[in-house]
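Structural characterization, general
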Amino acid sequence: MTQVDFYILPDTTLEARLDFACRLAETIAGKGYRLHLHVEDEAMASDLDERLWTFRPDAYLPHALLGSEMAESVAVTIGWEQPPEPSAEAPMALLNLDPGIPEWFSRFERVAEIINQHQQVLVAKRECWQTYKQRGYPLKAHQLRG
């Protein structure tokens, strides 16, 4: 069954949430997972794509937008509509930055949700927590300090 982890940030800005998403993506990919970052829309995908190039001056996380030529050759993809193709080579993880839960989340071994203290994010992710809980998925909250 899919394990769902909620990372709770003290910050209120979208920038802080996306910056943490980059660091978390690096950690997840470093553990050998194929990672898909599911975002709200194309604009957020472009923003996250750019951030993954620059979030740390001493690191680079190979990634591609889902549907691009490079998407099949990297372990990290970003998309806002369709899920990535299943992988036989490595376990798959989903970092969900969309306000809702994608219908296909359960095909992933792990799901990460990032909550910050922005009211819209709090409301949306509380609903996500309740949905996962009602469906019986194992949940874990990680309260992060500033």
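Under an unreviewed UniProt entry, the name given to the protein chain is DNA polymerase III subunit chi, and the organism recorded is Billgrantia desiderata.

Focus: the layout of surface pockets
Its volume calculated, the largest pocket comes out at about 290 Å³. Taken together, 14 residues form the lining of the largest pocket, with R34, A71, E72, P84 and E85 sitting closest to its centre. Across the lining of the largest pocket, the residue classes tally to five nonpolar, five polar and four charged.

Some thoughts on the pairing of strand β2 (residues 34-38)
Most of β2 is tucked away: five of the five residues are buried. Every second residue of β2 is oriented toward a common face, with R34, H36 and H38 on one face and L35 and L37 on the other, all of them buried. Relative to strand β5 (residues 92-96), β2 is paired through five bridges, and the arrangement is parallel. By the bridge assignment, H38 is partnered in β5 with N96. Examined bridge by bridge, β2 and strand β4 (residues 76-79) share four bridges and lie parallel to one another. Its bridge partner lying in β4, L37 is registered against I78.

Focus: the sheet that holds strand β3 (residues 64-65)
The strand order across the open sheet built from seven strands is β3-β4-β2-β5-β6-β1-β7, with neighbouring strands paired in parallel fashion. Across the chains shown, the open sheet's two edge strands, defined by having one partner strand only, are β3 and β7 (139-143). As paired strands, strand β1 (residues 3-8) and β7 are joined by five bridges and run parallel to one another. Each residue of the ladder has a partner; that of I8, found in β7, is Q143. Together, β1, β5, β6 (110-115) and β7 form the strand contacts of helix α3 (residues 119-134), whose direction differs from that of β6 by roughly 150°.

Re the packing of aromatic side chains
Going through the model one piece at a time under the given rule, you end up with eight aromatic pairs. Here the aromatic rings of Y132 and Y137 are separated by 6.4 Å at their centres, their planes lie at 80°, and the arrangement is edge-to-face. Across the pair, Y137 and Y132 agree in class, each one buried. Three or more aromatic residues link up through ring pairs in this structure, and these residues are F6, F105, W129, Y132 and Y137.

Some words on the environment of G32
Structurally, G32 can be placed in the loop between α1 (14-30) and β2. The class of G32 is partly exposed, set by a relative accessible area of 40%. Note: C-alpha distance between G32 and P102 (70 residues apart in sequence) is 23 Å. Residues in contact with G32, not counting those within four places in the same chain, are A90 and P91.

What counts and what doesn't
- Residues numbered from 1 in each chain as written.
- Predicted model: local features only at pLDDT ≥ 70, side-chain atom pairs only at ≥ 80, totals over all residues.
- Heavy atoms only, no water.
- 1 Å grid on protein atoms, 1.4 Å probe; cavity = no way out; pocket = protein on both sides within 12 Å on 5 of 7 lines; lining within 4 Å.
- Points joined across faces, edges and corners; volume = space filled by probe spheres on them.
- Nonpolar A, V, L, I, M, F, W, Y, C, P; charged D, E, K, R; others polar.
- Buried < 20%, exposed > 50% of the residue type's maximum accessible area, 1.4 Å probe, protein only.
- Helix = DSSP H or I, 4+ residues; strand = E, 2+ residues; numbered from the N terminus.
- Pairing = 2+ DSSP bridges.
- Contact = heavy atoms within 4.5 Å.
- Axes fitted to C-alpha atoms, helices over the stretch in contact; angles between N-to-C directions.
- Phe/Tyr/Trp six-rings, centres within 6.5 Å; stacked < 30°, edge-to-face > 60°.

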